[in-house]
Amino acid sequence: MKIYSKTLFFKRFTILVSFLIVSLILWNTYTFFQKFKKAERAKMEIHGEAIKELRTVSIEELDENISELPLKIISRTKDIPFILVDADGNIKGSNNLDTIKEKDPEYLKKQLAIMKSQNQPILVEYLGKTDYIYYRDSDLLDKLTYYPLAFLLILVLFLAVIYLFYSSNKAAETNKLWTGMAKETAHQIGTPLSSLLGWIAILKIKKVDETYINEIEKDVHRLNAIANRFSKIGSVPELKKENIVAITKQAFDYLESRSSKQISFSFSSSDEDIQTKLNAELFGWVIENLIKNAIDAMLKKGELTLQIESFDKKVKINISDTGKGMPKKMFKQIFKPGFTTKKRGWGLGLSLSKRIVEDYHNGKIFVKKSEIDKGTTFQILLDNV
């Protein structure tokens, strides 16, 4: 509990610090952007004064009375694109635009519209005339506007890596926990199993009715199979060439004999012997999980059908019921660990089945179809041998 609390505190602290860092950087960027924008406007105002001074001097007096400062100001304002417009809206000149495109009047009109949307014009008054300097943000300022977005993207990627790291660690810890519990369960079952075998031997010596002994032996073998299944969780199982029809029929018959008589069981196969590579105990577990889910969905009353078919080097197993069905949005959710619609249940049966079929047997398991109040069909696909 303490470890969980510390982990939760660390996650919240990390999120809070990240948020503060982002806020600080965005605020500093915004402040710098505004200062830079004011500096560019001041530069254009000075440029306007330089134009004003040049326009108030006649050509004859230009060489004698004008200082070199206005010319230097105009010549060095090269980083801010602008267009000079008269009082009637006619374009009188432009600077720092594309030297080829600026010859096109339509291009200048589009640039002028952009400039009007970005900044207020600079007023230039001289000799009773009025001109306006429209300008847009420099390339450096434009790039600066994308800096916060780039930073946010980097931060999101960084947080995503952290999240995936924690998630993978958590998943690994969870898998380790479940594996440990499964192996411990198998170990714990082993002790009473040994005792039961001893009691069966005593019952045989006492000449107890063989029918009772046979049924007890079936359940003991069943418990032994369950223990073997749990012991294999977390390790790569050995796959052998097996008759999938016989293995599936065995699990089918076991549950049919112990289920409600109000359920009609039907088993069919395209062939009596279909060979594929399996781990018999784990695959039998999958079939039992699917049949049990079907029985629960029908509230122990209805029809359950299992069909096996071999085609194109594939084995297809369909398990259908006439139960309550499910909406399409649940087709993938039901295979997630912990997801269950039952009042009692851990939500592990289908997730384990998916892992056994897809991770251990390189197959596929999915909901083929389902209709509310009509039933559901699960399908398993495996490679044929």
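Residues numbered from 1 in each chain as written. Predicted model: local features only at pLDDT ≥ 70, side-chain atom pairs only at ≥ 80, totals over all residues. Heavy atoms only, no water.

A closer look at the overall build of the protein chain
Phase 1 of the analysis: Helix and strand counts for the protein chain come out as 9 helices and 11 strands.
Phase 2 of the analysis: A total of 385 residues make up the protein chain; the buried ones form 32% of that total.
Phase 3 of the analysis: Long-range pairs, those at least 24 residues apart, make up 67% of the contacts in the protein chain between residues at least 6 apart in sequence.
Phase 4 of the analysis: Accessible surface for the protein chain amounts to roughly 25000 Å². Of this, 59% is attributable to carbon and sulfur atoms. (Helix = DSSP H or I, 4+ residues; strand = E, 2+ residues; numbered from the N terminus. Buried < 20%, exposed > 50% of the residue type's maximum accessible area, 1.4 Å probe, protein only. Contact = heavy atoms within 4.5 Å. Areas by Shrake-Rupley, 256 points an atom, 1.4 Å probe, with all protein chains shown as cover.)

Overview of the packing of helix 7 (residues 244–257) against helix 8 (residues 280–297)
Phase 1 of the analysis: The contact between helix 7 and helix 8 brings their axes to 9 Å, and the two run at 45°. It follows from the interaxial angle that helix 7 and helix 8 lie oblique. Crossing of helix 7 over helix 8 shows right-handed handedness. For the pair helix 7 and helix 8, contact is made by Ile-244, Ile-247, Thr-248, Ala-251, Phe-252 and Leu-255 and by Ala-280, Phe-283, Gly-284, Ile-287, Glu-288, Ile-291 and Lys-292, respectively.
Phase 2 of the analysis: Of the residues assigned to the contact of helix 7 with helix 8, the class counts are 9 nonpolar, 2 polar and 2 charged. (Axes fitted to C-alpha atoms, helices over the stretch in contact; angles between N-to-C directions. Parallel < 35°, antiparallel > 145°, perpendicular 65-115°, else oblique. Left-handed = near helix turned anticlockwise from the far one by under 90°. Nonpolar A, V, L, I, M, F, W, Y, C, P; charged D, E, K, R; others polar.)

Remarks on the UniProt feature "transmembrane region" (unreviewed entry) in the protein chain
Phase 1 of the analysis: UniProt annotation of "transmembrane region" (unreviewed entry) refers to residues 12–33 and 144–166 when read in the numbering used here.
Phase 2 of the analysis: Strand forms 0% of residues 12–33 and helix 100%; the C-alpha atoms that close the span are 31 Å apart. (UniProt positions renumbered as here; feature names shortened; annotations may be inferred.)

Some remarks on the side chain of Ser-353
Phase 1 of the analysis: Relative to the assigned elements, Ser-353 resides in helix 9 (residues 349–360).
Phase 2 of the analysis: Residues within four places of Ser-353 in sequence aside, it is in contact with Val-286, Asn-289 and Ile-365.

Considering helix 9
Phase 1 of the analysis: Across its 12 residues, helix 9 extends 16 Å between first and last C-alpha, which sits within 8% of the 16 Å expected from 1.5 Å per residue.
Phase 2 of the analysis: The set of residues buried in helix 9 consists of Leu-350, Ser-351, Ser-353, Ile-356, Val-357, Glu-358 and Tyr-360.
Phase 3 of the analysis: Just past helix 9, the residue Asn-362 takes up positive phi, approximately 55°. (Expected span 1.5 Å × (residues − 1).)

A short note on unusual backbone geometry
Phase 1 of the analysis: With a phi angle near 65°, Asn-96 is a residue other than glycine that sits in the positive phi range.
Phase 2 of the analysis: Residue placement: Asn-96 occurs in the loop between strand 2 (91–95) and helix 4 (105–118).
Phase 3 of the analysis: For Asn-96, a relative accessible area of 22% corresponds to the partly exposed category.
Phase 4 of the analysis: In this structure, Lys-313 takes a positive phi of about 60° despite not being glycine.
Phase 5 of the analysis: Of the residues examined, Lys-313 reaches a relative accessible area of 71% and is grouped as exposed.

Things to note about the packing of aromatic side chains
Phase 1 of the analysis: What the rule picks out here adds up to 4 aromatic pairs.
Phase 2 of the analysis: Centroid distance Phe-32 to Phe-36: 5.8 Å. Interplanar angle 40°. Geometry classified as tilted. Separated by 4 residues within a single helix, Phe-32 and Phe-36 lie in helix 1 (residues 2–55), roughly one turn from each other.
Phase 3 of the analysis: A residue is classified by how much of its surface remains accessible, and Phe-32, at 46% relative accessible area, is partly exposed. (Phe/Tyr/Trp six-rings, centres within 6.5 Å; stacked < 30°, edge-to-face > 60°.)

Some thoughts on the packing of helix 8 against helix 9
Phase 1 of the analysis: Here helix 8 crosses helix 9 at 145°, and the two axes come no closer than 9 Å. Read as a crossing pair, helix 8 and helix 9 show a hand that is left-handed. Counted together, Leu-282, Phe-283, Trp-285, Val-286, Asn-289, Leu-290 and Asn-293 of helix 8 and Gly-349, Leu-350, Leu-352, Ser-353, Ile-356, Val-357 and Tyr-360 of helix 9 form the full contact between these two elements.
Phase 2 of the analysis: Taken together, the residues that form the contact of helix 8 with helix 9 break down as 10 nonpolar, 4 polar and no charged.

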